[in-house]
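Tertiary structure, described
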Amino acid sequence: FRSDLGTAVCWGLTSYGGNCSGIDFSGTAAIYSSARAFAALKKNFGTVVCWGQSGYGGDCPSVDFGGTTDIYSNDYAFVALKKDLGTAVC
């Protein structure tokens, strides 16, 4: 992951997040992982981009990430913390 360039290189099984060629990493502050998915946090925008196996958090278009400041993960899931709002999204 090159935060200064807004790019990343992924490899491995596509269904486990090994293909990130369609992901826009511009503005990404950090990338988090579960066992089979990834989440890229764009702190300045308060948004998150997910990819990988959906059952492990890789499919998140219906999640409201507005105001997300941090992400935590385990092998099977992610939680997005919204410190300013005092809430979290699982």
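Refer to the structure printed above.
To keep things clear, this report deals only with the structure shown in the data block. (Residues numbered from 1 in each chain as written. Predicted model: local features only at pLDDT ≥ 70, side-chain atom pairs only at ≥ 80, totals over all residues. Heavy atoms only, no water.)

**Quick notes on the state of the cysteines**
Short version of the rule: Any two cysteine sulfur atoms lying within 2.5 Å of each other are counted as a disulfide. Secondary structure elements are taken from DSSP: a helix is a run of H or I of four residues or more, a strand is a run of E of two residues or more, and numbering for both begins at the N terminus. Relative accessibility thresholds used throughout: buried, under 20% of the residue-type maximum; exposed, over 50%; partly exposed, between the two (1.4 Å probe, protein chains only).
Inspection of every chain in the model, using the stated rule, returns two disulfides. A disulfide bridge connects Cys10 with Cys20, and the sulfur atoms are separated by 2.1 Å. With the S-S bond torsion at 105 degrees, the cross-link from Cys10 to Cys20 turns out right-handed. With Cys10 in the segment before β1 (30-33) and Cys20 in the segment before β1, this residue pair connects regions lying 10 residues apart in the sequence. The buried category is assigned to Cys20, whose relative accessible area is 6%. Note on cysteine connectivity: Cys50 is disulfide-linked to Cys60, with sulfurs 2.1 Å apart. The disulfide joining Cys50 to Cys60 has a torsion of about 105 degrees about its S-S bond and is therefore right-handed. Note that Cys50 is positioned in strand β3 (residues 47-52) and Cys60 in the loop between β3 and β4 (70-73), a separation of 10 residues in sequence. Overall, Cys50 belongs to the buried group, its relative accessible area being 15%. With cysteine numbering restricted to those in disulfides and following the sequence, the protein has the pairing 1-2, 3-4.

**Thoughts on the environment of Asp75**
Convention followed: We call two residues contacting when some pair of their heavy atoms lies within 4.5 Å.
Relative to the assigned elements, Asp75 resides in the loop between β4 and β5 (78-82). Setting aside its immediate chain neighbours within four residues, Asp75 contacts Ser34, Ala35 and Tyr56.

**Re the sheet that holds β5**
Worth spelling out the cut-off: The criterion for strand pairing is that DSSP finds at least two bridges linking the strands in question. Think of each axis as a best-fit line through the C-alpha atoms, taken over the contacting stretch in the case of a helix, with angles from 0 to 180 degrees between the N-to-C directions.
The strand order β4-β5-β6 describes an open sheet built from three strands, whose pairing is antiparallel. For this open sheet the edge positions go to β4 and β6 (87-89), each flanked by a neighbour on one side alone. In this sheet, neighbouring strand axes are inclined to one another by 25 degrees on average, regardless of whether the strands run parallel or antiparallel. Where β5 and β6 come together, three bridges link them in antiparallel fashion. Across the sheet, Ala80 pairs through a bridge with Val89, a residue of β6.

**Concerning the layout of surface pockets**
For clarity, the cut-off: The pocket and cavity definitions rest on a 1 Å grid over protein atoms only: a 1.4 Å probe that fits but cannot leave marks a cavity, an open set with protein on both sides within 12 Å along at least five of seven lines marks a pocket, and residues lining either have an atom within 4 Å of a point. Grid points are joined across faces, edges and corners, and a volume is the space filled by probe spheres set on the points.
In this structure, the largest pocket occupies an estimated 210 Å³ of space. Forming the boundary of the largest pocket are 19 residues, of which Gly57, Val63, Phe65, Phe78 and Cys90 lie nearest the centre. Mapped onto the lining of the largest pocket, the elements with two or more residues apiece are β3 and β5. Ranked by residue count, the leading element in the lining of the largest pocket is β5, at three residues.

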